[in-house]
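# Breakdown of the fold
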Amino acid sequence: MPELPEVELTRRRLDRELKGRRIEQVVIRTPKLRSPIPAELESCLPERLVCVVERRGKYLLFDCGGGWLIIHLGMTGFLRLLPGMTAPGKHDHFDILFAHGPLLRLHDPRKFSTVAWTTGAPATNPILAGVGPEPLTPVFDAAYLFAATRSRRVAVKQLLMNKAIVAGIGNIYANEALFRAGIRPDRPASSLNHSECGRLVTAIREVLQGSIDQGSAYRVTEETVVYHPLNFAVYGQGKAPCICCGGELEEIRLGNRSTVYCPRCQH
DNA sequence: AGAATTACCTGAGCGC
DNA sequence: TGCGCTCAGGTAATTC
């Protein structure tokens, strides 16, 4: 379940390892993911150089010179970087083999990943056109969130997970940020005042940046992703004692998503 | 327009 | 051992 920090760490690793490399061969092994992997990739990607790897929300953007490869890892997607071509295993759907070695391999048991191709500016592609501001940039501030929450009666946690409002926040960091900000997840978004919006913006930044700085809640290795559940204050900690007050955490469902909060520390 | 619901997909965990 | 069930959840599509 990669969220923004995991995708950012993946981006850094891929940018470091693949920048300037020439694509030699592309293999689409499972055409049918959430949406089909464009068949043209097998012919249009080879011979191109990867100029840079960027990120928008949870989308990875590979600048291939005259075209952009867009990859979203969904829930369980993982990009393996292997020394060279090796036999594919179960759930290995898509390969990019680079000249002189490295193999980038998309592995995803649940097939929620997306692979797309665009020859225009990625920002204007329909996939990215409606994505809201990056949470780690100055555009995302108290004034923005305050304005975005007016006339929104949905629970603030669900609003945070809406990528049109802010990019890259999923269930884990929505839970964590609300705990850090001391705001109940089921509050109607419009009930937050300006100062609460400011606290929430700060908490979101700290939680995301903190996770990136410590190598994410997951350890992204060459082969797999290792999950560190104890790094979370509330996510996955239902009924455990609150790290702040020692009281029992409460677990509810919002928008059919598991939600954990402290009824004493969050208001 | 905003909100709620469902589909997509498979492995893990659990009760019996 | 194995069956059936629930859950995990990002996003798009659909419906109200």
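Look up a bit, the structure's there.
Just so it is clear, the structure is predicted and the values come from calculations on it, not from any experiment. (Residues numbered from 1 in each chain as written. Chains lettered and ligands numbered in written order. Predicted model: local features only at pLDDT ≥ 70, side-chain atom pairs only at ≥ 80, totals over all residues. Heavy atoms only, no water.)

## Let's talk about the protein's contact with DNA strand B
Under the convention used in this document: Note on terminology: near, applied to a residue and a molecule or strand, indicates that one of the residue's heavy atoms is within 4 Å of it. In protein, a polar contact means a hydrogen-donor-capable atom and an acceptor-capable atom, both N or O and within 3.5 Å, with residues adjacent in sequence counting only if both atoms are side-chain atoms; elsewhere, any N or O pair within 3.5 Å suffices. Each residue is assigned to one class: nonpolar for Ala, Val, Leu, Ile, Met, Phe, Trp, Tyr, Cys and Pro, charged for Asp, Glu, Lys and Arg, and polar for all the others, Gly among them.
The environment of DNA strand B is made up of K32, R34, K90, H91, P109, R110, K111, F112, S151, R152, R153 and V154. For DNA strand B, the backbone portion of the atoms within 4 Å of the protein, that is sugar and phosphate, comes to 64%. Within the side chain of K32, a nitrogen or oxygen atom sits 2.9 Å from a phosphate oxygen of DNA strand B. Between a phosphate oxygen of DNA strand B and a side-chain N or O atom of H91, the distance comes to 3.0 Å. Here the residues of the surface near DNA strand B are counted per class, giving three nonpolar, two polar and seven charged.

## Some points on the packing of helix α6 (residues 171–181) against helix α7 (residues 194–213)
Basically, it comes down to this: Axes here refer to lines fitted to C-alpha atoms; in helices the fit is confined to the stretch in contact. Angles between the N-to-C directions go from 0 to 180 degrees. Going along the chain from the N terminus, every DSSP run of H or I of four or more residues is numbered as a helix, and every run of E of two or more is numbered as a strand. When an angle is under 35 degrees it counts as roughly parallel; over 145 it counts as roughly antiparallel; between 65 and 115 it counts as roughly perpendicular; any other value is oblique. By definition, any crossing whose near helix is turned counterclockwise from its far helix by less than a right angle is left-handed, and any crossing with a clockwise turn is right-handed. Contacts are assigned to residue pairs that have any heavy atoms within 4.5 Å of one another.
Relative to each other, α6 and α7 sit at 125°, their axes nearing to 8 Å. Accordingly, the angle class assigned to the pair α6 and α7 is oblique. You can see that α6 and α7 cross each other, and the crossing is right-handed. Facing Y173, E176, A177, L178, R180 and A181 of α6, the residues of α7 in contact are R199, L200, A203, I204, E206, V207, L208 and S211. Its residues assigned to classes, the contact of α6 with α7 comprises nine nonpolar, one polar and four charged.

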